[in-house]
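# Remarks on the overall topology
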Amino acid sequence: MISRGAACVAAAISATAALCACAPATPTVKFDDVKPWHDTGASYERLEYATAIYDTSKGSEADKRVKIADGSLAFTLTEHTRAEGTIYYNELEMEFSVTYNDSAPEPDRGKTDRISSVTEFMTDSLVASRMTKTVEIAKREDTANRSYRLEADYFGTHKATLTHTGGESETTETMNIGKDTYYDNETMFFLARATAIGAKTSTTFRMTNLYQSFDVGKFTNYTMIASGDSDLQSLDIGDFVKDFGAEAVTADDGTTSYPLSCYRVNIMINADKHGPPYVVHYTEKPFKSSDKEHKKIPVKISYSQYAGSKLSVVTEYTLVGCSFDKP
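Keep in mind that this is a model prediction, so the values were computed, not measured.

Let's shift gears to the overall build of the chain. Counting secondary structure elements, the chain contains three helices and 19 strands. Against the 2.2 N^0.38 benchmark of 20 Å for 327 residues, the chain shows a C-alpha radius of gyration of 20 Å, consistent with a compact globule. Along the longest, intermediate and shortest principal axes, the C-alpha atoms of the chain span 60 × 55 × 40 Å. Summarising the internal contacts of the chain: among those between residues at least 6 apart in sequence, 60% fall at separations of at least 24. Entry remark: accessible area of the chain is about 15200 Å², with carbon and sulfur atoms responsible for 46%.

Spelled out as structure tokens, the structure:
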């Protein structure tokens, strides 16, 4: 049996790992001609988030939920990391770690879990060319360790390799990918971001989850939907956003804040039994820094997990830092 903490990290940022659906139809996919993270030349973007995991078994209200873990998440997108003639490629790096506190279940307390990945994809089409991912789950007593390393070569060998690293010895599985165009799930939030998301707007895109493909024993490709709520939402994530053009709002008591107008977007498999969605708040107005402008910044990401029909765990990622200048 996997512990609650290990189960959380297995689902967190392993997009659609906990979702289920029937076989999808092939959607018509249209991405922005100018990608929202592109400014001038070879663009760069680093987004840093604070991670919090809450036990909501006693209620999801702010005064009832209990924080059981803190951590960090970062996405670093670099354009034109490789070229083949006139075709350019980008890289998206993801770094995630979380540490469980004394309010967590006993098996998780003091444990730190980590996930990292690098996905290369074509600059214009966003089609994935290769991906590597490492999941390191701390050992827990009486719990099977689900750590693994996943590698995929979409354009070369057309194979994916899953190496289970949590046992006493490593075991490896290999799967044929097939010669086609694929969008890797490690880029999910950016794929959705590059569609025409907005209030009262639903967009579709395709996505491949290789880990789940190994889990079910066959190569799996999903139709995803990004569905925006009817109304914009105001979100206050801190004063640092004033450096990116956020406007100040002064309350009656004289306090100043910098609320962001956001599209609240549910990202899920486009099927009746889609499981809990990822809820992402994308900014309505672009972030601006010097002469650079990046659109639809994901400033908050949340994911809910259930025990039966009851909400049991909520994971939240809140933006705390941003940079458009490559160090």
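With that settled, the discussion passes to the side chain of S43. Turning to its location among the elements, S43 is positioned in the loop between helix 1 (4-11) and strand 1 (44-55). Among the polar contacts listed, one links the side chain of S43 to the side chain of H38, at a separation of 3.3 Å. Once you skip the residues sitting within four places of it in the chain, S43 turns out to touch W37, H38, L77, T78 and E79.

A complete count under the given rule lists 14 aromatic pairs for this structure. For the pair Y154 and Y182, a centre-to-centre distance of 5.9 Å together with 40° between the ring planes defines the contact as tilted. Note that Y154 is positioned in the loop between strand 6 (148-153) and strand 7 (159-164) and Y182 in the loop between strand 8 (171-176) and helix 2 (188-193), a separation of 28 residues in sequence. Across the pair, Y182 and Y154 agree in class, each one buried. Through successive ring pairs, a cluster of aromatic residues spans W37, Y49, F75, F189, F190, Y278 and Y303. Lying across the ring of Y54, R65 places its NZ or CZ 3.7 Å from the centre.

Moving on, we get to the side chain of R193. Within the secondary structure layout, R193 lies in helix 2. Taking relative accessible area as the criterion, R193 reaches 0% and is therefore assigned buried.

Bringing the pairing of strand 6 into the picture now. Strand residues, when the strand is regular, have side chains that alternate between the two faces of the sheet. Taking every second residue as pointing to the same face, the buried face of strand 6 carries Y148, L150 and A152, while none of R149, E151 and D153 on the other face is buried. Two strands pair when backbone bridges link them, and strand 5 (residues 128-136) and strand 6 are joined in this way by six bridges, in the antiparallel orientation. Paired with V135 across the bridge in strand 6 is Y148. Where strand 6 and strand 7 come together, six bridges link them in antiparallel fashion. Across the sheet, the residue bridging to E151 is T161, located in strand 7. Linking strand 6 to strand 7, which pair antiparallel, is a turn of five residues; within it H158 sits at a positive phi near 55°.

On average, residues of the chain carry a pLDDT of 91, and 91% of them reach 70 or more. Predicted confidence for residues 13-25 stays below pLDDT 50, and this span has 49 contacts to residues more than four positions away or in other chains.

Let's shift gears to the environment of Y211. Here Y211 lies in helix 3 (residues 210-216). Here Y211 falls in the buried class, since its relative accessible area comes to 15%. Excluding anything up to four places from it in sequence, Y211 contacts R146, Y148, L150 and L162. Only 3.4 Å separates the side chain of Y211 from the side chain of R146, close enough to count as a polar contact.

On to the state of the cysteines. One pass over the full model with this rule turns up zero disulfides. Between C262, a cysteine without a disulfide, and C322, which holds the nearest cysteine sulfur, the sulfur-to-sulfur distance is 13 Å.

Positive phi, close to 60°, is recorded for D142, a residue that is not glycine. Structurally, D142 can be placed in the loop between strand 5 and strand 6. Overall, D142 belongs to the exposed group, its relative accessible area being 73%. Of note, K200 is a non-glycine position whose phi angle comes to about 60°, a positive value. Inspection of the secondary structure assignment puts K200 in the loop between helix 2 and strand 9 (202-208).

Time to look at the environment of E91. Tracing the sequence through the fold places E91 in strand 3 (residues 87-100). Along the backbone, E91 and R130 are 39 residues apart, and their C-alpha atoms lie at a distance of 9.6 Å. Non-local contacts of E91, meaning those with residues more than four positions away in its chain, are made with T76, L77, T78, T81, V118, T119, E120 and F121.

Right, let's talk about the environment of E136 for a bit. In this fold, E136 is placed in strand 5. Residue E136 is classed as partly exposed on the basis of its relative accessible area, which comes to 44%. Separated by twelve residues in sequence, E136 and Y148 place their C-alpha atoms 6.9 Å apart. Ignoring any residue separated from it by four or fewer positions in sequence, one finds E136 in contact with T112, D113, R114 and S147.

The rules we used
Residues numbered from 1 in each chain as written. Predicted model: local features only at pLDDT ≥ 70, side-chain atom pairs only at ≥ 80, totals over all residues. Heavy atoms only, no water. Helix = DSSP H or I, 4+ residues; strand = E, 2+ residues; numbered from the N terminus. Rg over C-alpha atoms; globule rule 2.2 N^0.38 Å. Contact = heavy atoms within 4.5 Å. Areas by Shrake-Rupley, 256 points an atom, 1.4 Å probe, with all protein chains shown as cover. Polar contact = N/O pair within 3.5 Å; in protein donor to acceptor, adjacent residues only side chain to side chain. Phe/Tyr/Trp six-rings, centres within 6.5 Å; stacked < 30°, edge-to-face > 60°. Buried < 20%, exposed > 50% of the residue type's maximum accessible area, 1.4 Å probe, protein only. Lys NZ or Arg CZ within 6 Å of the ring centre and 35° of its normal. Pairing = 2+ DSSP bridges. pLDDT = per-residue confidence, 0-100. Disulfide = S-S within 2.5 Å.

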